[in-house]
Amino acid sequence: MSTQFLRDTVYNERGKNMATAMVIGAQWGDEGKGKIVDYLAAKADVVVRSQGGNNAGHTVVTGGKVYPLRLMPSGIMYENTICVVGTGVVIDPKSLIEEMRSLEEKGVKTHHLQISTRAQVVFPYHIRQDEAEEAMKGSRKIGTTKNGIGPCYADKINRIGIRICDLMDKEVFAEKLKYNLEYKNRVLEKLYGVEGFDYEKMLKDYLEYAEILRPFVKDTNYNVDKFIKEGKNVLFEGAQASMLDCDNGTYPYVTSSHPTAGGACIGAGIGPHNMKNIFGVVKAYSTRVGEGPFPTELHDETGDYIRNLAHEFGTVTGRPRRVGWLDARAVRYAAQLNTFDYLAITRLDILDQMDEIKICVGYEYEGKEIKEYPADLNFLSKLKPIYKTFEGWKEKISDIREYDKLPQKAKEYVEAIAEITGVKIGIVSVGPTREETIVVKDVFKK
């Protein structure tokens, strides 16, 4: 039996019954990923969150209720769907427990949650360090949510992080926390001039958190691989977005992890061949929170109109989002990074009453078109967007459930996005609720 035959047989068996999908933000976050995940999760057996922390809020609207989620995978709304907080996520146990209790009080069960043994733990010293660093940077601040996410990821890379598996072992945890807290207290007090923390209190608090979370802690790397091999519908949920990727986004105005399809493989503990049906979620216009370049930003009445109508304020922070025309050039770059199979266009209904709508189809500098997406932020800030203008459809679309029944001008707008980015349309969202969704490509069968 040849080696090639064996290799082909293994690959074919692995992919034979596999049904996976991935939801990735294609802009700067807040694209409406939570709704898309929630919709796809109706047919999913498993939903996996692979990166970020409680700095990444998703909002799910169903049954007339709004559920703001932070660490919880959006599939938590479905009681029979296994929800995995994966290896690449950084977990603030206090925040997670509060979120679980809040959902339970609203009638949402959380018994189907699984937490990776390999996920990193966020501590109060991470949060205080985050706050102190932002204060010291002054005008050079990044605009973080001050939830300690960056410092926690930094400790992970510096190999002094504490993982969930450590938290589950009292002796191991006590030893690691003692070392870390002595070190962190020196840094906080000597470098930042802020107060440190008491070891005994933090030890007691976190051991209590450990006992609450213990029933949910699993080897999710093993479990997710098993679910895929069993042919279950597995949905991977991205947090933040491609343009905030710490390697390929608008660095340093980025997050501290990899909110891309490649990052999802690492953060979920699976190989890249297991990732199919990658959806790039694109808001029908652009928004951004915090600092950093934003070529299509609107500083006028149109920007204010969209912000107020769409209630563009942060799920976690409440901060007003910066608003602009859709930057399809940035989305095309995100498609390159993620190899999107489909686009999920969200909030199309927000543009219902606009006379004209613009899409940025490229950039130019001193009259010359710039083909690539620049790494140099100073150069990026000097680029002039090249716009294509579309006539508005001027009618309500939130009751439409079939793509062909959309107004012709709305279809022209959506199809222009697909043409510019080179990615087919998979889903069009025409309102905030689960029901207000047009499915062009159904990737999960039940």
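Residues numbered from 1 in each chain as written. Predicted model: local features only at pLDDT ≥ 70, side-chain atom pairs only at ≥ 80, totals over all residues. Heavy atoms only, no water.

(A) Main features of the overall build of the protein chain. Check the secondary structure of the protein chain and you find 14 helices and 20 strands. Taken against the 2.2 N^0.38 rule, which gives 22 Å for 446 residues, the C-alpha radius of gyration of the protein chain at 22 Å falls within 12% of a compact globule. The principal-axis extents of the C-alpha atoms in the protein chain amount to approximately 65 × 60 × 50 Å. Within the protein chain, buried positions represent 57% of all 446 residues. Sequence separation of 24 or more characterises 77% of the internal contacts of the protein chain that already satisfy a separation of 6 or more. Summed over all atoms, the accessible surface of the protein chain reaches about 19800 Å², with 48% contributed by carbon and sulfur. Measuring between centres, the 62 positive side-chain charges of the protein chain sit 2 Å from its 63 negative side-chain charges. (Helix = DSSP H or I, 4+ residues; strand = E, 2+ residues; numbered from the N terminus. Rg over C-alpha atoms; globule rule 2.2 N^0.38 Å. Buried < 20%, exposed > 50% of the residue type's maximum accessible area, 1.4 Å probe, protein only. Contact = heavy atoms within 4.5 Å. Areas by Shrake-Rupley, 256 points an atom, 1.4 Å probe, with all protein chains shown as cover. Lys, Arg positive; Asp, Glu negative; His and termini not counted. Charge placed at Lys NZ, Arg CZ, Asp CG, Glu CD.)

(B) Examining the environment of Pro385 more closely. By the element assignment, Pro385 lies in strand 18 (residues 384–391). Once the C-alpha coordinates of Pro385 and Glu364 are considered, the two residues, 21 residues apart in sequence, prove to be 6.5 Å apart. Setting aside chain neighbours within four positions, we find Pro385 in contact with Pro295, Thr296, Cys360, Gly362 and Tyr363.

(C) Seen up close, the sheet that holds strand 11 (residues 278–283). Strand order in the open sheet made by the 10 strands is 9-7-5-2-10-1-11-15-19-20, with mixed pairing throughout. Pairing within the sheet leaves two strands with one partner each, and these edge strands are strand 9 (217–218) and strand 20 (437–439). (Pairing = 2+ DSSP bridges.)

(D) Seen up close, the packing of aromatic side chains. Evaluated as defined, the whole model comprises 12 aromatic pairs. By the ring-pair criterion, three or more aromatic residues cluster together here, those being Phe123, Tyr125, Phe173, Tyr206 and Tyr209. The ring centre of Tyr199 lies 4.9 Å from the NZ or CZ of Lys178, which sits over that ring. Its end group placed over the ring of Tyr387, Lys358 keeps NZ or CZ at 5.6 Å from the ring centre. (Phe/Tyr/Trp six-rings, centres within 6.5 Å; stacked < 30°, edge-to-face > 60°. Lys NZ or Arg CZ within 6 Å of the ring centre and 35° of its normal.)

(E) The side chain of Gln27, seen in detail. Structurally, Gln27 can be placed in the loop between strand 1 (19–25) and helix 2 (33–41). Using a relative accessible area of 2% as the deciding quantity, one classes Gln27 as buried. A polar atom in the side chain of Gln27 sits 2.7 Å from the backbone nitrogen of Lys283. Separated by 3.1 Å, the side chain of Gln27 and the backbone oxygen of Tyr285 make a polar contact. (Polar contact = N/O pair within 3.5 Å; in protein donor to acceptor, adjacent residues only side chain to side chain.)

(F) Spatial organisation of the pairing of strand 1. Within strand 1, 7 of the 7 residues are buried, leaving the element largely enclosed by the surrounding structure. Burial along strand 1 is two-sided: Ala19, Ala21, Val23 and Gly25 and Thr20, Met22 and Ile24, pointing in opposite directions, are all buried. As paired elements, strand 1 and strand 10 (residues 233–237) share 5 bridges and run parallel to each other. In the sheet register, Ala19 faces strand 10, and the bridge partner there is Asn233. Note that strand 1 and strand 11 share 4 bridges and pair parallel. Residue pairing across strands places Gly25 opposite Val281, the latter belonging to strand 11.

(G) Fine view of the pattern of salt bridges. In total, this model carries 22 salt bridges according to the counting rule given. Between Lys204 and Glu208 there is a salt bridge, and its shortest N-O distance comes to 2.8 Å. Of the two residues, Lys204 and Glu208 are both situated in helix 8 (residues 199–213); the distance of 4 residues between them amounts to about one turn of the helix. A relative accessible area of 40% places Glu208 in the partly exposed class. The closest approach of N and O atoms between Arg347 and Glu312, which form a salt bridge, is 3.4 Å. Here Arg347, found in the loop between strand 15 (342–346) and strand 16 (356–365), pairs with Glu312, found in the loop between helix 11 (301–310) and strand 13 (322–324); they are 35 residues apart in sequence, far enough to count as distant. Since its relative accessible area comes to 26%, Arg347 is described here as partly exposed. (Salt bridge = Lys/Arg side-chain N within 4 Å of Asp/Glu carboxyl O.)

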